[in-house]
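# Chain and residue survey
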Amino acid sequence: MKDRILCFRTFLLEHFHGDKLQSLIYGLISYQMITYVFFGIFTSVIDVGVYSILTYLHINILVANILSTLCAIVVAYITNKRFVFNSAAHGFSAVFYEFMRFSEARIATLLMTELILLICHLLHGNPYTTKIFAMVLTVCINYIVSKLYIFNSKQKGTKSDEKF
């Protein structure tokens, strides 16, 4: 899979010129980005599924959002640690510290989503459309924070697969 992605990226880089465009292609078409999007979609399905079940059971949308996000945080941490960023954190304290940083970032975006949903509720908007909008925004912010702050191998001095 990595070879196919690298081949496709090389093809695009050969045919599109300009430093900014090539930098964008290099960043967007990487194994890490593709696995992040794949597992992000998987996590989002879990998030929306739990949210939908809870709202179907007439749980308040804000409470449903908190519970669905907590489920998504656990799934996202496991998949991001293992498959996306190849975290080298081992041992209880290192993993706990990493999970806490991961959770802090996710809780911050949860609060952002709660605010967006609250505004939607007050304006009598569609909670499902609003939830999806907030999720897209959350995914973008969470990737940047994960890459720069949580799983940053340079910051922690661990081995990384960032060249690809």
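Here's a quick rundown of the structure. Here the structure is a predicted model, which is why all the values come from computation and not from measurement.

What counts, and at which threshold
- Note on numbering: residues in each chain are counted from 1, in written sequence order.
- Reporting of local features is limited, given that this is a predicted model, to residues whose pLDDT is at least 70; pairs of side-chain atoms are given and counted only at 80 or more, and all residues count toward the totals for whole chains, interfaces and linings.
- For the side-chain quantities, the full set of heavy atoms in the structure was used; hydrogens and water were omitted.
- In DSSP terms, a helix is any run of H or I states spanning at least four residues, a strand is any run of E spanning at least two, and both are numbered starting from the N terminus.
- Counting of polar contacts relies on pairs of N or O atoms within 3.5 Å, with two restrictions inside protein: one atom must be capable of donating a hydrogen and the other of accepting it, and residues adjacent in sequence are counted only when both atoms are side-chain atoms.
- Here, residues are in contact when the closest pair of their heavy atoms is within 4.5 Å.
- The axes used here are C-alpha line fits, helices contributing only the stretch in contact, and every angle between their N-to-C directions lies in the interval 0 to 180 degrees.
- Orientation is classified from the angle alone, with under 35 degrees giving roughly parallel, over 145 giving roughly antiparallel, 65 to 115 giving roughly perpendicular, and any other angle giving oblique.
- It is the rotation of the near helix from the far one that decides the hand of a crossing: anticlockwise by less than a right angle makes it left-handed, clockwise makes it right-handed.
- Polar here means any residue outside two lists: the nonpolar Ala, Val, Leu, Ile, Met, Phe, Trp, Tyr, Cys and Pro, and the charged Asp, Glu, Lys and Arg; Gly therefore counts as polar.
- For a helix, the expected span equals 1.5 Å multiplied by the number of residues minus one.
- Any residue under 20% of the maximum accessible area for its type is buried, any over 50% is exposed, and the rest in between are partly exposed; the area is computed with a 1.4 Å probe on protein chains only.
- Salt bridges are defined as contacts in which a side-chain nitrogen from Lys or Arg sits within 4 Å of a carboxyl oxygen from Asp or Glu.

## What about the side chain of Lys-131?
Note on placement: Lys-131 falls in helix H6 (residues 127-150). A polar contact is formed between the side chain of Lys-131 and the side chain of Asn-65, at a distance of 2.4 Å. Not counting residues up to four positions away in its chain, the partners in contact with Lys-131 are Asp-47, Tyr-51, Asn-65, Ser-68, Thr-69 and Leu-117.

## A closer look at the packing of helix H5 (residues 92-122) against H6
One way to put it is that H5 packs onto H6 with a least axis distance of 9 Å and a crossing angle of 155°. One finds that H5 runs roughly antiparallel with respect to H6. For the crossing formed where H5 meets H6, the hand is right-handed. The residue makeup of the contact of H5 with H6, split by class, is 14 nonpolar, 6 polar and 5 charged.

## Describing H6
With 24 residues, H6 extends just 30 Å between its outermost C-alpha atoms, more than 12% less than the 34 Å of an ideal straight helix rising 1.5 Å per residue. Within H6 the residues assigned to the buried category are Thr-130, Lys-131, Ala-134, Met-135, Thr-138, Asn-142, Tyr-143, Ser-146 and Ile-150. Here H6 starts with a cap whose side-chain oxygen sits 2.8 Å from the backbone nitrogen of Tyr-128, and that cap is Asn-126.

## Notes on the pattern of salt bridges
Counted under the stated rule, the structure contains 2 salt bridges. In this structure, the salt-bridge partner of Lys-131 is Asp-47, at a minimum N-O distance of 3.2 Å. One end of the pair, Lys-131, is in helix H6; the other, Asp-47, is in helix H3 (residues 31-56), and 84 residues separate them in sequence. Like Asp-47, Lys-131 is buried. Between Lys-81 and Glu-98 there is a salt bridge, and its shortest N-O distance comes to 3.6 Å.

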